[in-house]
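Take a look at the letters that make up each chain.
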Amino acid sequence: MFEGFVEEDVDVGDAVIHVRHGGDGPPVVLLHGHPRTGATWHRVAPLLVRRGYRVVVPDLRGYGRSTAPEPRPDHAQASKRAMAEDVVALMRELDHERFLLAGHDRGSYVAFRLAMDHPEAVPAVALLDCIPIVEHLERITPAFATAWYHWFFFAQPDLPERVISADPDAWYGGDPDLMGAENFAERRRAIHDPRVVRAMLEDYRAGLGVDRLAEEADRAAGRRLRMPVLVLWSSRDDLEELFGDPLTIWRDWAVQVSGGPIESGHHLAEEAPDELTDALARFFDGRAPVV
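Computed from a predicted structure; not experimentally measured.

**Section: helix H11 (residues 194-221)**
One turn of an α-helix holds 3.6 residues; hence residues three or four places apart share an orientation. Over its 28 residues, H11 runs 39 Å from end to end, which matches the ideal 40 Å to within 8%, given 1.5 Å per residue. Glycine 222 sits one or two residues past H11 and shows a positive phi near 75°.

**Digging into the side chain of histidine 34**
Positionally, histidine 34 belongs in the loop between strand E3 (27-31) and helix H1 (44-50). Within the structure, the side chain of histidine 34 is placed 3.1 Å from the side chain of tyrosine 172, a separation counted as a polar contact. If we skip the residues at most four places from it in the chain, histidine 34 touches Tyr63, Asp105, Arg106, Phe154, Tyr172, Met200, Tyr204 and His267.

**Digging into the nonpolar core**
Grouped burial of nonpolar side chains is what soluble globular proteins tend to show. Residues Phe99, Leu101, Val122, Val125, Leu225 and Trp250 are the most contacted members of the largest nonpolar core, which totals 62 residues. If sequence neighbours within four positions are ignored, valine 122 has contacts with Phe99, Leu101, Leu114, Ala115 and Met227. Formed by 28 residues, the second largest nonpolar core is a distinct cluster that contains Val28, Ala45, Leu280 and Phe284.

**Section: the environment of alanine 217**
Inspection of the secondary structure assignment puts alanine 217 in helix H11. Considered as a pair, alanine 217 and leucine 276 are 59 residues apart in the sequence and their alpha carbons are 32 Å apart.

**Concerning the pattern of salt bridges**
Following the criterion strictly, the structure yields 26 salt bridges and no others. In this structure, the salt-bridge partner of arginine 20 is glutamate 186, at a minimum N-O distance of 2.6 Å. One end of the pair, arginine 20, is in strand E2 (residues 16-22); the other, glutamate 186, is in helix H10 (residues 181-191), with 166 residues separating them in the sequence. Just as arginine 20 is buried, glutamate 186 falls in that class too. Arginine 219 serves as the salt-bridge partner of glutamate 138, at 2.6 Å between the closest nitrogen and oxygen. Placement of the pair is glutamate 138 in the loop between helix H4 (133-137) and helix H5 (142-147) and arginine 219 in helix H11, with a sequence separation of 81 residues. When its relative accessible area of 35% is taken as the criterion, arginine 219 is described as partly exposed. Three or more residues are tied together by salt bridges with common partners; here these are Arg81, Arg113, Asp117, Asp218 and Arg223.

**Overview of the packing of helix H2 (residues 80-93) against helix H3 (residues 106-117)**
Where H2 meets H3, the closest approach of the two axes is 8 Å, and the angle between their N-to-C directions is 75°. With respect to their mutual orientation, H2 and H3 come out roughly perpendicular. For the pair formed by H2 and H3, the contact residues are Lys80, Arg81, Met83, Ala84, Val87 and Val88 on the first element and Arg106, Tyr109, Val110, Arg113, Leu114 and Asp117 on the second. Class assignment of the residues belonging to the contact of H2 with H3 gives a composition of 7 nonpolar, no polar and 5 charged.

What counts as what
For every chain, the first residue of its written sequence is number 1, and the numbers climb from 1 along that sequence. In view of the model being predicted, local features appear only for residues whose pLDDT reaches at least 70, and side-chain atom pairs are presented and counted only at 80 or more, with totals across whole chains, interfaces and linings using the full set of residues. Excluding hydrogens and water, the side-chain figures rest on all heavy atoms present in the structure. A run of DSSP states H or I qualifies as a helix once it reaches four residues; a run of E qualifies as a strand once it reaches two. Both are numbered from the N-terminal end. What a helix should span is 1.5 Å times the count of its residues minus one. In the analysis that follows, any N or O atom pair within 3.5 Å is treated as a polar contact, provided that within protein one partner can donate a hydrogen and the other can accept it, and provided that, for residues neighboring in sequence, both atoms belong to side chains. Pairs of residues are marked as contacts when any of their non-hydrogen atoms sit within 4.5 Å. For our purposes a nonpolar core is just a set of buried Ala, Val, Leu, Ile, Met, Phe, Trp, Tyr and Cys residues, chained together by side-chain atoms within 4.5 Å. Burial here depends on accessible area, computed with a 1.4 Å probe over protein chains only, as a share of the maximum for the residue type. Under 20% is buried, over 50% is exposed, and the range in between is partly exposed. Between Lys or Arg on one side and Asp or Glu on the other, a salt bridge is scored when a side-chain nitrogen of the former is within 4 Å of a carboxyl oxygen of the latter. Lines fitted to the C-alpha atoms define the axes, with helices restricted to the stretch that makes contact. Angles between their N-to-C directions range from 0 to 180 degrees. Each angle gets one of four labels, with under 35 degrees taken as roughly parallel, over 145 as roughly antiparallel, 65 to 115 as roughly perpendicular, and the rest as oblique. For this scheme, ten residues count as nonpolar: Ala, Val, Leu, Ile, Met, Phe, Trp, Tyr, Cys and Pro. Four count as charged, namely Asp, Glu, Lys and Arg, and the remainder, Gly too, count as polar.

Laid out in structure tokens, this is it:
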């Protein structure tokens, strides 16, 4: 995976971020979801390099080989704001003050928070398979609670750690042929580390608390994303089925919204890399920061 990429660990203050980066041209940061690592982008990253971008693929704090601080009572160490600050600090270490940005699943919440808190750093952002956390919570139905029960299970103290770590392979499953053998192996190593499991759960605990409050504060203050926003979602997942058109929801949070579905299951970067790369490259073209 990631042939020709540099792989290193970068100390950003509260955390040490494991990152891969390669290529020349405008910088693009790709943020993964749960329970993946940056390796989920192993098919997309080289395609974007061929399109003329410098691609930066970190493990979010606490995921994969990135570290995380000890849990705090309010779980703020796992907040999307803290993760976003990691990415800003990482990119400054790599000599980039401005960069294009894409996030999937939990990584999309980090991308959203980064773009909201640091609009000067992000000329364009792509948000994949998500709507704002508060929009999810205000649309709770029996169907959502049944399909997305893990949000609320993961928020419980102690129990999910014990359940998942009893048999991580059974809990998370996965197909090495679909994911790619090296990507699957990297994710498997991560989910067998109890510290990673705890940090990933802290991500969800923060989501229902400090992250929700941050979004509520944004909305109350009338803050919206002003840069172009691309919203993509998996046609064979349940986001649109549960919540309707994601573009309609995002137009309450951003001024310039475009996008649509991609024929894929939930893990777009693994299952539909060519289609996703094409969509990202078309969106980023002409919006890249000057290198």
